[in-house]
Amino acid sequence: MAGRADSTVLAGARVVLPTGTVEDGRVIVEGTRIAGSTPDGARTLDLQGHWVVPGFVDMHNHGGGGASFATGTAEDVLTGVRAHREHGTTTVVASTVTGDMDFLARQAGLLSELVEQGELAGIHFEGPFISPCRKGAHSEGLLREPDPAEVRKLLDAARGTAKMVTLATELPGGIDSVRLLAEHGVIAAVGHTDATYEQTVEAIEAGATVATHLYNAMPALGHRAPGPIAALLEDERVTVELINDGTHLHPAALELAYHRAGADRVALITDAMDAAGADDGFYELGPLAVEVKDGVARLVEGGSIAGSTLTLDTAFRRAVTIDRIPVEDVVRSISANPARLLGLYDRVGSLDPGKDADLVVLDADFALKGVMRRGEWIVEPRIG
């Protein structure tokens, strides 16, 4: 159900603000924004027994609702965006997968138009500049070294809407490409990498600030050869992405990341592919065939995990109820931190007055009950 909220007071809920949780709190919505005072004629929605949290911000997402951001048409992309909005993700970055450079440039042009229209928050290029040793669900025949000139080609095709590029920074051209991205204000993310600890430290010093789905598609943490995981966790300049779907990570690995990095350096992501919010079956991730069975996506050939079918409402609920992460820390990881990284925190990521009225209503068990984006109910809560 959808509808314009106009002037509405969401009252009685536990409201999670940057300063902490307010019991019996209020969020005032006027038009498309969060207001600081109650306007005349505002209606009140009683949300006793519920939580109100900021809309979720997903900085790594390949699609959903049966549709692909990486290869789909504009209508396909909008289908995927709508699917994730219904699960609380009010801000989404579209992630690509490895492909031919000309195709990636064309897809970047299509996605950039949707960014300019306000449907997407930016573009994340995942591949083709990744390691064949840690390719995961990427086509090995299309991988290439991160030549700064080719990285620049994708940035140009995105027309200023590129937010992040995932690189195996140990490959020839990797460090120079990190510097190029930093100079252009684009996040350089270390991922799908076979780097050593020392090589990862070098990449961070050059300007890399994100770990693409930490633990996945990189060497395991070792006691003599600690590899990239230790370097990424220990450096205060790095934010680590985590896929909290119960398949990609053991709960102890998630707890280790929160303990070592702290809640301010974790970004919960989906890494979703087409099947997020859709049924089991056969799909494609770029040029590769994927089978989704019991909600787990794997390549038909080889069986590698192929993204996820996760939505962020599930990641949120799991983090609180299974992993026992404090609600305020989960809100930082799923809203505020990615919003800051993307340069959007002045508009989204918290429930401060003046920001977009992007919010999620959860019940006492953290099940999603309502979603508002820019003052419009995407999922209208049915209370009472």
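Residues numbered from 1 in each chain as written. Predicted model: local features only at pLDDT ≥ 70, side-chain atom pairs only at ≥ 80, totals over all residues. Heavy atoms only, no water.

### Quick word on the overall build of the protein chain
In terms of regular secondary structure, the protein chain is built from 9 helices and 22 strands. Whereas a compact globule of 384 residues would reach a radius of gyration of roughly 21 Å, the protein chain reaches 20 Å, a difference of no more than 12%. Along the first, second and third principal axes, the C-alpha set of the protein chain runs to 60 × 45 × 40 Å. Residues counted as buried form 58% of the 384 residues belonging to the protein chain. Restricting to contacts in the protein chain with at least 6 residues of sequence separation, those with at least 24 account for 69%. On the protein chain, roughly 14800 Å² of surface is accessible, and the fraction owed to carbon and sulfur atoms is 47%. Looking at charge distribution, the protein chain has the averaged site of its 33 positive side-chain charges lying 3 Å from that of its 55 negative ones. (Helix = DSSP H or I, 4+ residues; strand = E, 2+ residues; numbered from the N terminus. Rg over C-alpha atoms; globule rule 2.2 N^0.38 Å. Buried < 20%, exposed > 50% of the residue type's maximum accessible area, 1.4 Å probe, protein only. Contact = heavy atoms within 4.5 Å. Areas by Shrake-Rupley, 256 points an atom, 1.4 Å probe, with all protein chains shown as cover. Lys, Arg positive; Asp, Glu negative; His and termini not counted. Charge placed at Lys NZ, Arg CZ, Asp CG, Glu CD.)

### Points about the environment of D365
With respect to the helices and strands, the residue D365 is situated in the loop between β20 (359–362) and β21 (368–373). Separated by 145 residues in the primary sequence, D365 and A220 have C-alpha atoms spaced 34 Å apart. In contact with D365, not counting residues within four places along its chain, are R317 and T321.

### Here we look at the packing of aromatic side chains
Applying the stated rule across the entire model yields 3 aromatic pairs. Pairing F56 with F316 gives two aromatic rings, centres 5.6 Å apart and planes at 25°, and the pair type is stacked. Of the two residues, F56 sits in strand β7 (residues 56–61) while F316 sits in helix α8 (residues 312–321), which places them 260 residues apart along the sequence. A single burial state applies to F56 and to F316, both of which are buried. Members of the aromatic cluster, connected to one another through ring pairs, are W51, F56, F316 and F366. Directly above the aromatic system of Y345 lies the positively charged group of R340, at a separation of 4.1 Å from the ring centroid. Cation over ring: K355 sits above Y345, and NZ or CZ is 3.3 Å from the ring centre. (Phe/Tyr/Trp six-rings, centres within 6.5 Å; stacked < 30°, edge-to-face > 60°. Lys NZ or Arg CZ within 6 Å of the ring centre and 35° of its normal.)

### Describing the nonpolar core
L120, L214, Y215, L242 and F316 are the most contacted members of the largest nonpolar core, which has 92 residues in total. In terms of residue count, helix α2 (residues 101–116) provides more of this core than any other element does, 7 residues in total. Among all residues touching F316, those that are not within four sequence positions of it are V53, F56, V327, V330, V331, I334, L362 and F366. By size, the runner-up hydrophobic cluster in this structure holds 15 residues, among which are A13, I34, L47 and A357. (Core = buried A, V, L, I, M, F, W, Y, C linked by side-chain atoms within 4.5 Å.)

### Quick word on the pairing of strand β22 (residues 376–379)
Relative to β22, β21 runs antiparallel, the two sharing 3 bridges. Considered in β22, the bridge of M372 is made with W377. (Pairing = 2+ DSSP bridges.)

### Digging into the side chain of T161
Mapped onto the fold, T161 is located in the loop between α3 (148–158) and β12 (162–167). Among the polar contacts listed, one links the side chain of T161 to the backbone oxygen of A158, at a separation of 2.6 Å. With residues near it in sequence (within four places) discarded, T161 still touches S112, V115, G122 and I123. (Polar contact = N/O pair within 3.5 Å; in protein donor to acceptor, adjacent residues only side chain to side chain.)

### Regarding a negative patch on the surface
There is a patch of like negative charges on the surface, built from D279, D280, E291 and D294. Among the structural elements, D294 can be located in the loop between β18 (288–293) and β19 (296–299). (Patch = residues over 30% accessible without salt bridge, like charges linked within 9 Å, V, L, I, M, F, W, Y side chains within 5 Å. Salt bridge = Lys/Arg side-chain N within 4 Å of Asp/Glu carboxyl O.)

### A word on the packing of helix α5 (residues 197–206) against helix α6 (residues 227–234)
In the contact formed by α5 and α6, the axes pass within 7 Å of each other and the chain directions differ by 35°. Considering how the two elements wind past one another, α5 and α6 form a crossing that is right-handed. Residue-level inspection shows Y197, T200, V201 and I204 of α5 in contact with α6, the latter providing G227, P228, A230, A231, L232 and E234. (Axes fitted to C-alpha atoms, helices over the stretch in contact; angles between N-to-C directions. Left-handed = near helix turned anticlockwise from the far one by under 90°.)

### Quick word on the sheet that holds β18
The strand order across the open sheet formed by 3 strands is β17-β18-β19, and the pairing between neighbours is antiparallel. Of all strands in the sheet, those with a lone pairing partner are β17 (281–285) and β19, marking the two edges. Averaged over all pairs of adjacent strands, the angle between their axes in this sheet comes to 35°, without regard to strand direction. Bridging between β18 and β19 involves 4 bridges; their strand directions are antiparallel. Following the sheet pairing, K293 is matched in β19 by V296.

### Section: the sheet that holds strand β13 (residues 187–190)
Strand order in this open sheet of 8 strands is β7-β10-β11-β12-β13-β14-β15-β16, and the pairing throughout is parallel. Every other strand in the sheet has two partners, leaving β7 and β16 (266–269) as the edge strands with one partner each. Strand contacts of helix α4 (residues 174–183): β12 and β13, with the helix running at about 170° to β12, the strand carrying the most contacts.

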